[in-house]
Amino acid sequence: MTSKVISIVLGGGQGSRLAPLTLTRSKPAVPIAGKYRLVDIPISNCLHSGIDRIFVLTQFNSASLNKHIKNTYHFSTFSTAFVDILAAEQTPTSAGWFQGTADAVRQSLHHLGVHDFDYVLILSGDQLYQMDFDEMIKQHIEKKADISIATIPVHVNDVPGFGILKTDDENLITSFIEKPKSGFENWVSEVSPEMKAQGRIYLASMGIYIFNRKLLYELLEGNDHTDFGKEIIPQSIEGHKVVSYQYEGYWTDIGTIPSFFDANLGLTDDIPQFNLFDKNHIYTRARMLPPTKISGTHLDRSIIADGCIINASLITRSIVGIRTRIGLYTTIDSCYVMGSDNYQTLDEIAVAKANGEPIMGIGDRCTLRNAIIDKNTYIGDDVKINCGAKLPDGDFPTYTVVDGIVIVKKRAIIPSGTVI
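Thresholds, definitions, all that
Residues numbered from 1 in each chain as written. Predicted model: local features only at pLDDT ≥ 70, side-chain atom pairs only at ≥ 80, totals over all residues. Heavy atoms only, no water. Helix = DSSP H or I, 4+ residues; strand = E, 2+ residues; numbered from the N terminus. Salt bridge = Lys/Arg side-chain N within 4 Å of Asp/Glu carboxyl O. Buried < 20%, exposed > 50% of the residue type's maximum accessible area, 1.4 Å probe, protein only. Contact = heavy atoms within 4.5 Å. Patch = residues over 30% accessible without salt bridge, like charges linked within 9 Å, V, L, I, M, F, W, Y side chains within 5 Å. Areas by Shrake-Rupley, 256 points an atom, 1.4 Å probe, with all protein chains shown as cover. Lys, Arg positive; Asp, Glu negative; His and termini not counted. Charge placed at Lys NZ, Arg CZ, Asp CG, Glu CD. Core = buried A, V, L, I, M, F, W, Y, C linked by side-chain atoms within 4.5 Å. Domains from an automatic or database assignment. Polar contact = N/O pair within 3.5 Å; in protein donor to acceptor, adjacent residues only side chain to side chain. Phe/Tyr/Trp six-rings, centres within 6.5 Å; stacked < 30°, edge-to-face > 60°. Axes fitted to C-alpha atoms, helices over the stretch in contact; angles between N-to-C directions. Parallel < 35°, antiparallel > 145°, perpendicular 65-115°, else oblique. Left-handed = near helix turned anticlockwise from the far one by under 90°. Nonpolar A, V, L, I, M, F, W, Y, C, P; charged D, E, K, R; others polar.

1. With respect to unusual backbone geometry
- Looking along the chain, the bond that leaves A19 and enters P20 is cis, with omega of 10°.
- Summarising the element assignment, P20 is placed in the loop between β1 (5-10) and β2 (31-32).
- One non-glycine residue, R365, lies in positive phi territory at about 55°.
- Considering the arrangement of structural elements, one finds R365 in the loop between β22 (361-362) and β23 (367-373).

2. Observations regarding the pattern of salt bridges
- Applying the stated rule across the entire model yields eleven salt bridges.
- For K138, the salt bridge goes to E135, with nearest N and O atoms at 3.9 Å. Here K138 pairs with E135, and both are found in helix α4 (residues 133-142), just three residues apart, close to one helical turn.
- Overall, the relative accessible area of 29% leaves K138 in the partly exposed class.
- For E135, a relative accessible area of 37% puts it in the partly exposed group.

3. Observations concerning helix α6 (residues 213-220)
- Listed as buried for α6 are L215, L216, Y217, L219 and L220.
- Elements that come into contact with the buried residues of α6 comprise α3 (101-112), β6 (119-124), β8 (147-155), β11 (200-212) and α7 (228-237).
- A positive phi of about 80° marks G222, the residue just after α6.

4. Some words on a positive patch on the surface
- A cluster of basic residues, R17, K179, K181 and K230, forms a positive patch at the surface.
- You can see K179 is positioned in the loop between β10 (173-178) and α5 (193-197).
- For K179, a relative accessible area of 43% translates into the label partly exposed.

5. Quick word on the nonpolar core
- If you look at the biggest cluster of nonpolar residues, it comprises 64 residues, and the most contacted ones within it are L21, I43, L121, M131, F133, I208 and I372.
- Two domains each provide a minimum of three residues to this core, namely domain 1 (2-267) and domain 2 (293-414).
- In this structure L121 touches V5, I6, S7, I8, C46, I51, F133, I208, Y209 and I210, once residues within four positions along its chain are discounted.
- Formed by 35 residues, the second largest nonpolar core is a distinct cluster that contains L57, A102, I122 and I237.

6. Points about the environment of S148
- Note on placement: S148 falls in strand β8.
- On the basis of relative accessibility, which here comes to 0%, the residue S148 falls in the buried class.
- As a C-alpha pair, S148 and Y245 span 97 residues in sequence and 6.6 Å in three-dimensional space.
- Not counting residues up to four positions away in its chain, the partners in contact with S148 are M136, H140, I208, Y209, I210 and V243.
- In this structure the side chain of S148 is engaged in a polar contact, spanning 2.7 Å, whose partner is the side chain of H140.

7. What about the packing of aromatic side chains?
- Considering all chains together, one arrives at nine aromatic pairs under this definition.
- Here F55 and F82 contribute two aromatic rings whose centre-to-centre distance is 5.0 Å and whose plane-to-plane angle is 55°, an arrangement assigned as tilted. A residue pair is termed long-range when its members are at least 10 positions apart, and F55 in strand β4 (residues 53-58) and F82 in strand β5 (residues 82-87) qualify at 27 residues. Both residues of the pair, F55 and F82, belong to the buried class.
- Through a chain of ring-to-ring contacts, three or more aromatic side chains come together here, namely Y209, F211 and F228.

8. Points about the domain arrangement of the protein
- If you check the domain split of the protein, you get domain 1 (2-267) and domain 2 (293-414).
- The gap between the C-alpha centroids of domain 1 and domain 2 is 34 Å.
- Facing the 20 residues of domain 1 at the interface are 23 residues of domain 2.
- The tally of links from domain 1 across to domain 2 stands at one salt bridge.
- One salt bridge in this structure joins R25 and D374, with 2.9 Å as the shortest N-O distance.

9. Concerning the side chain of T367
- Looking at the secondary structure, you find T367 in strand β23.
- The exposure class of T367 is buried, given its relative accessible area of 14%.
- With residues near it in sequence (within four places) discarded, T367 still touches T331, V383, K384, I385 and C387.

10. Thoughts on the packing of α3 against α6
- As a packed pair, α3 and α6 sit with axes 10 Å apart at the nearest point and diverge in direction by 125°. Comparing their axes, α6 and α3 come out oblique. As α3 packs across α6, the resulting crossing turns out to be left-handed. Two secondary-structure elements touch here, α3 through A102, V105, R106, L109 and L112 and α6 through L216, Y217 and L220.
- Looking at the contact of α3 with α6, its residues break down into seven nonpolar, no polar and one charged.

This is the structure in structure tokens:
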């Protein structure tokens, strides 16, 4: 059945809620868990589900994403499989940017049309979850659905942040409302006893859709609808068979700095909700990096990626990304250090030290707490980040503060002795 499916991963807009991580890269290209990119999550879910024809739609800061896709997803010459980028482009029929999720798919229909498929699976590029799409596709076919929407039970406090729908006894969606602020008390749907016990009795759209090919073209061509959640889905419920596929596993939207930070640090838990060590592993770029070298460091509940040189005193509940260098007597607590794209040579390090400049990585005797350190940063010696009272939100030349989390910007240089 999956051979009848083609998948579209929506790369999102400017990603302003994830700034400054999205200043130079698109949302799907943001690093996660020290060695992956966000886009690897939906693509890996597709590949494990037997879906191997995938388009990734993007328009902002797409260079690093293009590079990652090119260097990661290679298939046999005799295979029809592909993972291709579709960036917003000017054509004789469209001269503008993608105006929303539905408009992005509409402008890409002519690329899909050359392929043989019956169903289109539409995914978001900024979510963390593991799902077998084959099961969702089977239900879609068995129920003879026109549209299927993956849904997840949520608590009443979470309702205003989601598209909320109501189902009948057959899992048919009877009504849909986008991010209601009030008046949703009667929108309770049937959920499992476990979900009821947790107070998760409202069904939220996960932004994962299956459309029948013919219907998708009918809904998008000849109109100016721009968004699936606000326009296409609500208007389709009246005249089409729209079915809910209820999912009760771990799922989180990581489109904001706090949710991104929590999702990453959550991976360090003894039994994390998202299992990196599952048989359905995450595919990503294969790098020929040396093993990590650690000297004199106490590690607790931390994830250390390949190619690191670590001499810190203590690293606790943190993720340390590829090629990270951390100096002597440094303490890192509840941080996501993304690492580096390359190593400095010994000569470059010697010159930097002779000139009193920081070298790439984190220096000696530093203390970092509740921080995200973006790639290729230069943090000098005796630097203290987030070691006092909660900092007010603000954007500064080398760092940004969001909800008490300090994000050191990509390629930032933090001089020795700096206190943030």
